[in-house]
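Inside the fold
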Amino acid sequence: MGKATKVRLLDSGTLVIDQSHITWNIGCGNPVRFPVYSVLIEHPEGLFLFDTGYDLDLVNKVLPFELPEQAAQQTIPAQLELAGFGTGDVDAVINSHLHFDHCGGNKHFDKATMYVHVDEVREARSPEPFEVLGYADHSWDNGMPLSLLSGDLELAKGLHLFHTPGHTIGHYSLLVELDGRRPMLFMADVSYTVAAYEKDQQAGFHWNPVLGVRSIRRIKQIAREWDAEIFFTHDMGEFDTYKLAPDFYAA
């Protein structure tokens, strides 16, 4: 019998943003503390990491108003160790997009292949003025092997990437199939919270608001077609119900 797929959520700490960045331009002046996490997938074809959280030093230097709270055990190396792995065990780092709270741990990898949409790399290296803070962390551009993607694809058996642009130009959502369990759908900032998702409200730092709404509706369609369970990126209420490493999801 082959090795079963296991999914672990790696806690990267929390940040604070205004409500207007959770539901675009709605609820200004209401600061909200939200979770940041990564997805570790122990798969028969390798060890995959979807996003890598944020780098505390970078946020304190460039975005201190985000009021980061990240303990030593919430760094990517510590979280991997908690799950029984080291950074050298990771075969692939998949970046949903290259905003600072999704690629901050990439700096810990130099041999793992980084998978990212080709347009995302171009945009992150030369962002529009309104994207500069979102793309504030450039440490991912460290010479690690790059595999540039486009469109929808199945990266490994049961690991599906869906191009869901709007929040950023090269944004990817991830669906993980698990035998005997509903698929897990990680939409990684297509919409931050349950409340925003239900109203088709995208988040701030967006690249194209119209495509953002289209991608929310596409995620809803994917969830229906696959009978998938949606995992929200920055919803503290939902996050408090999730299993965190070393615990895991499996069939």
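Per chain, residues are indexed from 1 in the order of the written sequence. Residues qualify for local features only when their pLDDT is at least 70, as the model is predicted, and side-chain atom pairs are given and counted only at 80 or more; totals for whole chains, interfaces and linings, by contrast, use all residues. Hydrogen atoms and water are omitted, and side-chain values are computed over all heavy atoms in the structure.

Helix and strand definitions here come from DSSP, where helices need a minimum of 4 consecutive H or I residues and strands a minimum of 2 consecutive E residues; each element is numbered from the N-terminal end. Within the protein chain one finds eight helices and 11 strands. The atom set for the radius of gyration is the C-alpha atoms, and the globule formula is 2.2 Å times the number of residues raised to the power 0.38. Relative to its length of 251 residues, the protein chain is compact, with a C-alpha radius of gyration of 17 Å against a globular reference of 18 Å. Considered along the principal axes of its C-alpha atoms, the protein chain spans approximately 55 × 40 × 35 Å. Burial classification: accessible surface area is computed with a 1.4 Å probe over protein chains only, and a residue below 20% of its type maximum counts as buried, one above 50% as exposed, and the rest as partly exposed. Taking all 251 residues of the protein chain together, 56% fall into the buried category. Within the protein chain, one finds 19 positive and 35 negative side-chain charges whose respective centroids are separated by 4 Å. In summary, the charge assignment counts Lys and Arg as positive and Asp and Glu as negative, without counting His or the chain termini. Each charge is placed at NZ for Lys, CZ for Arg, CG for Asp and CD for Glu.

A few words now on helix H7 (residues 209-226). The α-helix winds at 3.6 residues per turn, so residues separated by three or four positions along the chain end up facing the same way. A helix is expected to span 1.5 Å multiplied by its residue count minus one. For H7, built from 18 residues, the straight-helix expectation of 26 Å at 1.5 Å per residue is met to within 8% by its first-to-last C-alpha distance of 26 Å. Burial in H7 covers these residues: Gly212, Val213, Ser215, Ile216, Ile219, Lys220, Ile222 and Ala223. Here, residues are in contact when the closest pair of their heavy atoms is within 4.5 Å. Buried residues in H7 make contact with strand S8 (159-163), strand S9 (172-178), strand S10 (181-186), helix H6 (194-198) and strand S11 (229-231). At the N-terminal boundary of H7, the capping side chain belongs to Asn208, with an oxygen 3.1 Å from the backbone nitrogen of Val210. Taken from the residues just after H7, Asp227 is the one with a positive phi, measuring 50 degrees. Polar contacts, as counted here, are pairs of nitrogen or oxygen atoms within 3.5 Å of one another; within protein the pair requires one atom able to donate a hydrogen and one able to accept it, and residues that are adjacent in sequence qualify only if both atoms are side-chain atoms.

What follows is about the pattern of salt bridges. The term salt bridge refers to a pairing of a side-chain nitrogen on Lys or Arg with a carboxyl oxygen on Asp or Glu at a separation within 4 Å. Taken as a whole, this structure holds 10 salt bridges when the rule is applied. For the salt bridge of Arg125 with Asp141, the shortest nitrogen-to-oxygen distance reads 2.9 Å. Taken together, the residues span a long stretch of sequence, with Arg125 in helix H5 (residues 118-125) and Asp141 in the loop between H5 and strand S6 (146-149) at a distance of 16 residues. Residue classification places Arg125 among the partly exposed positions, given a relative accessible area of 49%. Note on Asp141: relative accessible area 36%, which makes it partly exposed. With its nearest N and O atoms 3.5 Å apart, the salt bridge here joins Asp227 to Arg182. Of this pair, Asp227 sits in the loop between H7 and S11 while Arg182 sits in strand S10, placing them 45 residues apart in sequence. Residue Arg182 is classed as partly exposed on the basis of its relative accessible area of 40%. It is possible to trace a salt-bridge network through shared partners that takes in Asp200, Arg217 and Lys220.

Within the fold, Gly13 resides in strand S1 (residues 6-18). A C-alpha to C-alpha distance of 9.3 Å links Gly13 and Gln73, two positions 60 residues apart in sequence. Each residue touching Gly13, except ones within four places of it in the same chain, is listed here: Phe34, Pro35, Val36, Tyr54, Glu69 and Gln74.

Right, let's get into unusual backbone geometry. Ala245 connects to Pro246 through a cis peptide bond whose omega is 10 degrees. Here Pro246 lies in the segment after helix H8 (236-239). Its identity is not glycine, yet Ala188 carries a phi of approximately 45 degrees, on the positive side. Positive phi values are uncommon outside glycine, yet Asp189 reaches one of about 90 degrees. By the secondary structure assignment, Asp189 is in the loop between S10 and H6.

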